[in-house]
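# Understanding the architecture of this molecule
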Amino acid sequence: MATLPVNEAVLTYAPGSPERAELRRAINEQSAHPVIVPLRIGGAGVFHDAPQPIRAPHRHELVLGEYSTVREGDVAQAISAARAAQPAWSATPLAERAAIFRRAAELLAGPHRQRLNAATLLGQSKTPHQAEIDAACELIDFWRFNAHFAERLSEERLISSEFEKNAFDWRPLEGFVYAVTPFNFTAIAGNLPSAPALLGNVVVWKPSPYAMLSAHHIYELLREAGLPDGVINLVAGDAAQITTEVLHDPNLAAIHFTGSSSVFEGLYQSVAVNLTRYRNYPRLVAETGGKDFVVAHASADLDALAVAVLRGGYEYQGQKCSAASRVYVPRSLARDFEARLVELMAELKVGDPADFSCFMGAVIARPAYERLTLTIERARADAACRIAFGGQGSDAEGFFIAPTLIEVQTPEHALLRDELFGPIVSFFVYDDDRFEDVLRLCDQASPYALTGSIFARDAAAIALASNALRFSAGNFYINDKPTGAVVGQQPFGGARRSGTNDKAGSPFHLLRWASPRVIKENLRPPRDFRYPFLEPDFP
Ligand code: NAD
């Protein structure tokens, strides 16, 4: 069996490092030269009139390019192109398909690294570190590890004997996969169409309108790596309209979705309504929202706790499905926790991520900015809330929201229940002797169950929390922030309203993209239909 790949090392971008200079060059280049982003149908670029601009969230006037949206007939053509590509692609040996994605990983680890990092920094407002761990490292890991996991699957042997041979035929799904991707992770945008493609599927991919620049570079990279025409087709435009058309097609075999729970629920319902149309029962693989928790026990290491909340809650402006957004702190630690965290928060610089001294950039777009400023205004007017830090916003140059910390006095408050997807962390102070109650509260307070952390030095408290919170998170962390899952190390996903928990970054995820056939060959077929029990008894 081939050896497990090694996770891509995270570059530091420290002053004087070559990667820092290369990233700067790529940022300057992409800022000065806007790109044209066509639809991709059967390998051809399609560009219509009235394209949409791609703007940097942190600098309204910086236009990075423009992308075409679909016209009547484009979605149908994308589906036809995918279906036309399927016979040859599904017949291509796995080794050849895997080689394309391994080549993509090498290109991304080498010549394309700063191109995709810069596109993610500019188009999605990520700092160099956030772009590096996402657009470079995680996507490289997905491509390398998935190729390895798929080959491992193909090595799975069934019991055979001298009389019969049994074997798996790792077929792809029959039909096409619809991949719908979010704005917040370039790696997810790359993985959602490519994991099914690796297993021999063909895909219609609809990226987020807020991540079209990185989507464009992912597509170009995959083509350079040798991905044939029509295997992945890129469409953009009105998401609901495109989806209605796609979900009407009888050949829809699966949806690979990452995004908000409400959008996924709409997709699920549409599939149910259309169910009898389809040739197969479509598979629904989705990672959705989160309201990720940090529970501190009285024995917690305060410095580690404060850093975890700071990084887990505010990195990438809190726009991670796994972002820490509700914290439960014992009364004995509350004052010191707040003081320590506020001291650290005061050091965070928010601004244009092309200025490498910024720890945070802008939130993705106006709707997010307005939703978050409204949330803060409501909290300011709410007697059950106290804004301990932050609370300011400005949309003059870009969509900036200050890192904000809110103490919430009622445990069932919406701030401890609903996903906010922004740099707002709420905390609730509990009496030290109510630790078990607070664990129950944490489990019940929100409909999501994606990630969560326990901070404690007391082993019994850790065991208690791990048990009480068993179904509260699909990725559970002990004395660590709830973000930053690594492919092959912490396969990712949650249940309840957080998704179908298929654990991207593990071999199990790939099973969702295969519909195996089992072939039995009888080497000595019976020539007599009679069984021994039919014989008469001895006289
Ligand atoms: P979103 O739901 O707004 O958009 C996701 C995708 O769905 C986009 O491509 C969008 O264009 C499309 N979409 C929007 N409306 C649609 C409709 N009516 N029909 C069909 N498609 C539609 O999410 P987002 O803002 O891009 O991303 C943030 C959300 O994603 C958060 O809820 C976050 O928790 C979640 N997320 C989850 C994970 C995870 O692994 N659990 C990872 C990343 C993001």
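How each quantity is defined
Residues numbered from 1 in each chain as written. Predicted model: local features only at pLDDT ≥ 70, side-chain atom pairs only at ≥ 80, totals over all residues. Heavy atoms only, no water. Near = heavy atom within 4 Å. Polar contact = N/O pair within 3.5 Å; in protein donor to acceptor, adjacent residues only side chain to side chain. Areas by Shrake-Rupley, 256 points an atom, 1.4 Å probe, with all protein chains shown as cover. 1 Å grid on protein atoms, 1.4 Å probe; cavity = no way out; pocket = protein on both sides within 12 Å on 5 of 7 lines; lining within 4 Å. Sits in = over half its atoms within 2 Å of the grid points. Helix = DSSP H or I, 4+ residues; strand = E, 2+ residues; numbered from the N terminus. Domains from an automatic or database assignment. Contact = heavy atoms within 4.5 Å. Buried area = accessible area lost by both parts, 1.4 Å probe. Salt bridge = Lys/Arg side-chain N within 4 Å of Asp/Glu carboxyl O. Nonpolar A, V, L, I, M, F, W, Y, C, P; charged D, E, K, R; others polar. Points joined across faces, edges and corners; volume = space filled by probe spheres on them. Phe/Tyr/Trp six-rings, centres within 6.5 Å; stacked < 30°, edge-to-face > 60°. Lys NZ or Arg CZ within 6 Å of the ring centre and 35° of its normal. Buried < 20%, exposed > 50% of the residue type's maximum accessible area, 1.4 Å probe, protein only.

We now examine the site of the ligand. Taken together, 27 residues surround the ligand, and among them Thr 181, Lys 206, Ser 260, Thr 288 and Glu 419 come closest. Here an oxygen atom of the ligand sits 3.1 Å away from a polar atom, N or O, in the main chain of Phe 183. Here a nitrogen atom of the ligand sits 2.8 Å away from a polar atom, N or O, in the main chain of Thr 288. Coverage of the ligand by the protein amounts to 84% of the 840 Å² it exposes when considered alone. Its atoms largely coinciding with the cavity grid, the ligand occupies the largest pocket. Broken down by element, the residue count for the shell around the ligand peaks at three residues, all from helix 8 (residues 239-247). If you count residues domain by domain, the shell around the ligand takes at least three from each of domain 1 (20-50 + 63-288 + 499-519) and domain 2 (292-478).

For an interface, size is often stated in terms of accessible area lost upon the parts coming together. Assigned domains within the protein: domain 1 (20-50 + 63-288 + 499-519) and domain 2 (292-478). Relative placement of domain 1 and domain 2: their C-alpha centres are 32 Å apart. With 22 residues of domain 1 at the interface, the matching set in domain 2 holds 22 residues. Taken together, both faces of the contact between domain 1 and domain 2 bury some 1,800 Å²; the carbon and sulfur share is 64%. The interface formed by domain 1 and domain 2 holds zero salt bridges in total. Of all the elements in the fold, those that place two or more residues in the side of domain 1 that touches domain 2 are helix 1 (18-32), helix 4 (113-124) and helix 5 (128-154). Grouping the constituent residues of the side of domain 1 that touches domain 2 by class yields eight nonpolar, nine polar and five charged.

With that out of the way, let us pick up empty space enclosed by the protein. Where empty space is left in the structure can be found by rolling a water-sized probe over the atoms. Under the definition given, this model contains two cavities of 30 Å³ or more. By volume, the largest cavity amounts to about 70 Å³. Around the largest cavity sit 14 residues that line it, and Gly 318, Lys 320, Ala 323, Ser 325 and Phe 421 are the ones nearest its centre. Taken together, the residues of the lining of the largest cavity sort by class into six nonpolar, five polar and three charged. Roughly 30 Å³ of internal volume is contained in the second largest cavity. What lines the second largest cavity is simply Phe 101, Phe 142, Trp 143, Asn 146, Asn 191, Ser 194, Ala 195 and Leu 198. Counting residues per element, the lining of the second largest cavity draws most heavily on helix 6 (residues 186-198), which supplies four residues. Looking at side-chain class alone, the lining of the second largest cavity contains five nonpolar, three polar and no charged residues.

A few words now on the packing of aromatic side chains. Across all of its chains, the model carries 11 aromatic pairs by this definition. Through a chain of ring-to-ring contacts, the aromatic side chains of Phe 183, Tyr 316 and Phe 421 assemble into a single cluster. When the ring centre of Phe 356 is taken as origin, the NZ or CZ atom of Arg 24, which lies over that ring, is 4.3 Å away. Over the ring of Phe 185 we find Lys 126; its NZ or CZ atom is 4.1 Å from the centre of that ring.

Attention now goes to the pattern of salt bridges. According to the stated counting rule, one finds 31 salt bridges in the structure shown. We note a salt bridge from Arg 380 to Glu 377, for which the minimum N-O separation is 3.3 Å. Highlighted residues: Arg 380 and Glu 377, both in helix 12 (residues 366-380), separated by three residues, approximately one helical turn. Taking relative accessible area as the criterion, Glu 377 reaches 41% and is therefore assigned partly exposed. Taking the shortest distance from any N to any O, the salt bridge between Asp 528 and Arg 530 comes out at 3.2 Å. In this structure, a network of salt bridges that share partners links the residues Glu 8, Glu 106, Arg 113, Glu 132 and Arg 144.

Our next topic: the layout of surface pockets. Approximately 940 Å³ is the volume attributed to the largest pocket. Together, 38 residues line the largest pocket, and Phe 183, Ser 260, Arg 371, Glu 419 and Phe 421 are the ones closest to its centre. Among the secondary structure elements, those contributing two or more residues to the lining of the largest pocket are helix 8, strand 10 (252-258), helix 9 (261-273) and helix 12. Of all the elements, helix 12 adds the most residues to the lining of the largest pocket, at seven residues. Each residue belonging to the lining of the largest pocket can be placed in one class, and the counts come to 20 nonpolar, 11 polar and seven charged. Counting only domains with at least three residues in the lining of the largest pocket, you end up with domain 1 (20-50 + 63-288 + 499-519) and domain 2 (292-478). In terms of lining residues, the second largest pocket is bounded by 41 residues, among which Glu 138, Phe 185, Gly 484, Ala 485 and Val 486 are the most central. Split by residue class, the lining of the second largest pocket holds 18 nonpolar, 11 polar and 12 charged. Inspection of the lining of the second largest pocket shows a minimum of three residues originating in each of domain 1 (20-50 + 63-288 + 499-519) and domain 2 (292-478).

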